[in-house]
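Observations on the model geometry
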Amino acid sequence: MGSLGRILRSGGNSSPAEARPQTSRAENLLQEFENSEKGWFWETTRDGMLSYISESVAKALGREAADLLDRPFTDLISTETEDGAATSERTLGFYLSSHVAFQDLIVRAKTKNEIWWSITGRPVHNELGHFFGFRGFASDLTKVRQSEVELDRLAKQDSLTGLANREMLRRALDDALLGAVRRKHRCGVFLLDLDRFKAVNDTLGHPAGDTLLRLVSLRLREVIGDKGQVGRLGGDEFEVVLPATSDKKELSDLAQGIIDSLSRPYTINGTAVSIGASVGIVTSDYDDRTSDDLMRDADLALYAAKAAGKGCFRFFAPEMHEAARQRQLMESDLRVALEKEQLWLAYQPCVDASSEAVTGFEALIRWNHPEHGSISPAEFIPLAEEIGLINEIGEWVMRTACATAATWPEHISVAVNLSPIQFKSHALPTIVRMVLADTRLDPERLELEITEGVFLSNDDHVHDMIGALKAIGVKLALDDFGTGYSSLSYLQRVPFDKIKVDRSFVTGATDPASRNAALIRAMVGLASDLKMQTTAEGVETQEELALVRELGCSLVQGYIFGKPMPPEEALELARKGAATLPEQAPQRELRIRIIRAALLHYQGRVLGARLRNISTGGALVECREPVEVGSNIQLDFAAGGLIDGEIRWTKGTQFGCQFREPFDLKLLQPAKPAKKASTVMTPTYLKANDRSDDDAADWPISGGSTK
Ligand code: C2E
Ligand code: MG
Ligand code: MG
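Residues take numbers from 1 onward in each chain, read along the sequence in its written order. Ligands are numbered from 1 and chains lettered from A, in the order in which they are written. Residue-level local features of this predicted model are given only where pLDDT is at least 70; pairs of side-chain atoms are given and counted only at 80 or more, and the full residue set underlies all totals for whole chains, interfaces and linings. Processing note: side-chain calculations cover all non-hydrogen atoms of the structure and skip hydrogens and water entirely.

1. Digging into the coordination of the magnesium ion (ligand 3)
Within the protein, the magnesium ion (ligand 3) binds to Asp479 (OD), Asp480 (OD), Glu537 (OE) and Glu537 (OE); these donor distances fall in the range 2.0 to 2.6 Å. Donors, by definition, are the N, O and S atoms found within 2.8 Å of a metal, the threshold being 3.2 Å for Na, K and Ca, and water is not counted, so a site can look incomplete. As a motif over one chain, the donors of the magnesium ion (ligand 3) read D-D-x56-E. A spacing of 3.9 Å is found between the magnesium ion (ligand 3) and the magnesium ion (ligand 2), which share Asp479 as a donor. On the criterion of sequence distance, the pair formed by Asp479 in strand β18 (residues 475-481) and Glu537 in strand β20 (residues 533-537) is long-range, its members being 58 residues apart. Each residue gets one of three labels from its accessible area relative to the maximum for its type: buried under 20%, exposed over 50%, partly exposed in between, using a 1.4 Å probe on protein chains only. Look at Asp479 and you get buried, because its relative accessible area is 5%. On the basis of relative accessibility, which here comes to 11%, the residue Glu537 falls in the buried class. Secondary structure counts use DSSP, requiring at least four H or I residues in a row for a helix and at least two E residues in a row for a strand, with both numbered from the N terminus.

2. Observations regarding the coordination of the magnesium ion (ligand 2)
Angles at a metal have ideal values that depend on geometry: 109.5 degrees with four tetrahedral donors, 90 or 180 degrees with six octahedral donors. Only Glu362 (OE), Asn417 (OD1), Glu449 (OE) and Asp479 (OD) from the protein coordinate the magnesium ion (ligand 2), and they sit 2.0 to 2.2 Å from it. Written as a sequence motif, the donor residues of the magnesium ion (ligand 2) are E-x54-N-x31-E-x29-D. On the basis of relative accessibility, which here comes to 28%, the residue Asn417 falls in the partly exposed class.

3. Section: the packing of helix α11 (residues 319-337) against helix α12 (residues 377-386)
At a minimum axis distance of 11 Å, the contact between α11 and α12 shows a crossing angle of 80°. Comparing the axis directions of α11 and α12 gives the class roughly perpendicular. Contacts between α11 and α12 pair Met330, Glu331 and Leu334 from the former with Glu379, Phe380, Leu383 and Ala384 from the latter. Here the term charged refers only to Asp, Glu, Lys and Arg, the term nonpolar to Ala, Val, Leu, Ile, Met, Phe, Trp, Tyr, Cys and Pro, and the term polar to all other amino acids, Gly among them. In terms of residue class, the contact of α11 with α12 is built from five nonpolar, no polar and two charged. All axes are obtained by fitting lines to C-alpha atoms, using only the stretch in contact for helices, and the reported angles, taken between N-to-C directions, cover 0 to 180 degrees. Angles are sorted into four bins: roughly parallel if under 35 degrees, roughly antiparallel if over 145, roughly perpendicular if 65 to 115, and oblique for all others. Only heavy atoms matter for contacts: two residues are in contact if any of them lie within 4.5 Å across the pair.

4. Some words on the nonpolar core
If you look at the biggest cluster of nonpolar residues, it comprises 110 residues, and the most contacted ones within it are Leu446 and Ile614. Counting residues per element, this core draws most heavily on helix α13 (residues 390-405), which supplies seven residues. Shared between two domains, this core takes at least three residues from each, and those domains are domain 3 (339-576) and domain 4 (591-684). The definition of a nonpolar core used throughout is a set of buried Ala, Val, Leu, Ile, Met, Phe, Trp, Tyr and Cys residues joined through side-chain atoms within 4.5 Å. Formed by 32 residues, the second largest nonpolar core is a distinct cluster that contains Leu163, Leu251, Ile275 and Phe313. Throughout the structure description, domain borders are defined by an automatic or database domain assignment.

5. Quick word on the packing of aromatic side chains
Under the pairing criterion, centres of Phe, Tyr and Trp rings, with the six-membered ring standing for Trp, must be within 6.5 Å; the plane angle then separates stacked pairs below 30 degrees from edge-to-face pairs above 60, leaving the rest tilted. As enumerated under the stated definition, the model contains 16 aromatic pairs in all. Geometrically, the ring pair formed by Trp40 and Phe73 is edge-to-face, given 6.5 Å between the ring centres and 85° between the ring planes. Linking Trp40 in strand β1 (residues 39-45) with Phe73 in the loop between α3 (65-68) and α4 (88-98), this pair joins segments that are 33 residues apart in sequence. Across this residue pair, the class does not change: Trp40 and Phe73 are buried. Their ring planes at 65° and their centres at 5.9 Å tell us that Phe659 and Phe663 sit as a pair that is edge-to-face.

6. Overview of the sheet that holds strand β2 (residues 50-53)
The strand order across the open sheet built from five strands is β2-β1-β5-β4-β3, with neighbouring strands paired in antiparallel fashion. At either end of the open sheet lies a strand with only one pairing partner, and these are β2 and β3 (102-108). Sheet twist, expressed as the average angle between the axes of neighbouring strands with direction ignored, equals 25°. Strands qualify as paired when DSSP identifies two bridges or more between them.

7. Some details on the pattern of salt bridges
One speaks of a salt bridge when a side-chain nitrogen belonging to Lys or Arg is within 4 Å of a carboxyl oxygen belonging to Asp or Glu. Taken as a whole and assessed by the stated rule, the structure comprises 22 salt bridges. Arg186 serves as the salt-bridge partner of Asp285, at 2.9 Å between the closest nitrogen and oxygen. Taken as a pair, Asp285 in the loop between β11 (276-283) and α10 (291-307) and Arg186 in the loop between α6 (166-183) and β6 (188-195) lie far apart in primary sequence, 99 residues in all. Ionic pairing is found between Arg296 and Asp297, a salt bridge with its closest N-O pair at 3.7 Å. For Arg296, a relative accessible area of 46% puts it in the partly exposed group. A single salt-bridge network, built from bridges that share partners, covers Arg170, Asp174 and Asp292.

8. Considering the pairing of strand β7 (residues 229-234)
Where β7 lies against strand β8 (residues 237-242), five bridges are found, and the strand directions are antiparallel. Note on β8: the bridge partner recorded for Gln229 is Val241. Following β7, the chain reverses through two residues before pairing antiparallel with β8; Gly235 in that reversal takes a positive phi of roughly 50°.

9. Comments concerning the site of ligand 1
Near ligand 1 you find 22 residues, and of these Arg366, Asn417, Asp479, Glu540 and Tyr559 are the closest. Throughout this description, a polar contact denotes any pair of N or O atoms lying within 3.5 Å of each other; where both atoms belong to protein, one of them has to be capable of donating a hydrogen while the other can accept it, and for residues adjacent in sequence the pair is counted only when both atoms sit in side chains. Between Gln348 and ligand 1, the recorded distance is 2.9 Å, taken from a side-chain N or O atom to a nitrogen atom. Shrake-Rupley sampling with a 1.4 Å probe provides the accessible areas, and residues are treated as covered by the protein chains on show and by no other component. Burial of ligand 1 by the protein amounts to 83% of the accessible area it has alone, namely 790 Å². Of all the secondary-structure elements, those providing two or more residues to the shell around ligand 1 are β14 (358-369), α12 and β18. If one sorts the elements of the shell around ligand 1 by residue count, β14 sits on top with four residues. One heavy atom within 4 Å of a molecule or strand makes the whole residue count as near it.

10. Some points on the side chain of Thr245
Here Thr245 lies in the loop between β8 and α9 (248-263). Contacts of Thr245, omitting those with residues within four sequence positions, involve Arg186, Cys187, Gly188, Lys227, Glu250 and Leu251.

11. Structural notes on the packing of helix α8 (residues 206-224) against α9
Packing of α8 against α9 leaves a shortest axis separation of 10 Å and a crossing angle of 150°. Considering only the axes of α8 and α9, their crossing is right-handed. Residues Val216, Arg219, Leu220, Val223 and Ile224 of α8 touch α9, and the partners they reach there are Leu254, Gly257, Ile258, Ser261 and Leu262. Of the residues belonging to the contact of α8 with α9, the class tally is seven nonpolar, two polar and one charged. Crossings are classed by handedness, with left-handed meaning an anticlockwise turn of the near helix from the far one by less than a right angle and right-handed meaning a clockwise turn.

12. Describing the confidence of the model for the chain
pLDDT measures the predictor's confidence residue by residue and takes values from 0 up to 100. The pLDDT averaged across the chain works out to 84; a share of 87% of its residues lies at or above 70. Mean pLDDT values for the elements of the chain range from 27 in helix α22 (residues 684-687) up to 98 in strand β16 (residues 413-417). Across residues 1-15, confidence stays below pLDDT 50; counting only partners more than four residues off in sequence or on other chains, it has 38 contacts. Counting contacts from residues 671-707, a segment whose pLDDT is below 50, to residues more than four positions away or on other chains yields 82 contacts.

So, in structure tokens, the structure goes:
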């Protein structure tokens, strides 16, 4: 059933099928074709009723071929088109009624599932030239159409996140600008960049990075809702087009909402991941700026947000163009700074914490700009990295520093900072070897400072590079320790000679509220377990010096022993061998806040007391019993026996006592339960509220406090 051989008739003699003789071979071939479901045949009467239709198409429509006969062919065709415009059904009807041949007419079947056909037909006439009806064939276009739709979707969408892609965003922005002009309002654009995304990608791998981008896109969509079009420009850059939002407050709130939402932690494969976001904002301004202009301004605003420390948003301001111009100028100036001998190295002494002998100098680059004066390396080193000059500058630094160090006494070393980009370069070991050979410096005297940033790249490379550098015999230091992103595990893997505790830990470590002292102590402990030295960076005051010594740092670098100085001064200091501490007001002693039960031997009696704070010279003690100024006392607080002292003042239940001999604060830690439990009795009045003071904390948790 259903082959052309069994032509289904309609309208008796009027069918053109009768006008045609058939051979069985042709029949078989046609049947083959129909069964292949690649195409089908159809025939209508002169009034457009189906007189034949292939079985295969009836099946696709979920009907019997017989059910379809004697009904208008146009009934099979949907009147709906995707865009709701002119319908193909109407077009087909037009051809059939006007007896005009047609080819490849694309129509959609009137079915629930999407079925598309391409139909070709021609009118049939009898030998007398009378119109008989139509006859033709059709092919299934469904798959082709679907892939076209898919291609169209792909052309508009970012395949990773499903957000709009660059092309689509551009169209959205063009439309928003047009709409804004027409409706006399303004539109807004956010340009967004994820902070620390690269670190996640590099440490957890690209699949994790992709997952993170998908999660970010979900959150972005959630925050923006129907206020605008969210899209991804590529990498970790996103854009939001806000066709009807230009109010500054509203834009600020929305941008802050995005930053807050994207900064909440993510869990990827069981690992908690934190990133941030920076946002540049621009609004159209009733002027004739194009979408390109807006995007360039948004980019400048984003740059400003990142320069302001990331994790924030900035509105575009016209001055940003000037800043960008300045940056460009600086860029071209930096390109010639080396040739023009505007770069030079300052040397900052590094001093042994106990002997105060100078052990080495750190070479720190300086740029004397002919117009702008001295420019900080914090400003131009990142620029040199960005514009690909860092390798050249880095090699110059190493060569100059080694040549200078070769003039110093032999026990004094030089430290050179390496950018992660230099560290990535395979040429680095060769350069180091060449420089050492040319300057005749003992490799042991060169120390290379790297930051945690280098661990964010390929593990094998890091491992090989460390091995190659160690094989040369140079020393390795981990700079700015504690400020990076990565875990501590690499400390165990990499044979550093030294870790440099970042200045941010040292500054404020003497503040009682700060936990820095405890952190420094932990770092020193870790380093000494791993046989590494520790340098405390940025030590400025006597108090900080006393504290870092107390905490066990082996080396000290900071303004207290000398600022970065010109090479001549460094040579002089290197020859002298010891740094001199600046004259200062009488040094204030380091005091440790402490709550500890003590026994007070006072005028032949033993009284319960408690220590409130202590320094090497004395202590603040609390005791309910009245005591007299000038009395000699002995204190027992489980720290190496009785401590002799004299009461210098009293106030209420507290008194200050001065020790006869300097007390070693190290005896206080660790704050284990009293070893001599038998000799230390906790006075009963202390038991109930022994740790109740909110300012009270045992060493070393609260660190030192100076009063
Ligand atoms: P860094 O390697 O951590 O260098 C220490 C920075 O702290 C130096 O800043 C130094 O002048 C400053 N510093 C040292 N002691 C004190 C102190 O007691 N108080 C204060 N407030 N600051 C102190 P500088 O010279 O501005 O260098 C900044 C950063 O620039 C360096 O940090 C280093 O990361 C980078 N840098 C400097 N020279 C080079 C270089 O030749 N190559 C590369 N790749 N980076 C360099
Ligand atoms: Mg350094
Ligand atoms: Mg440092």
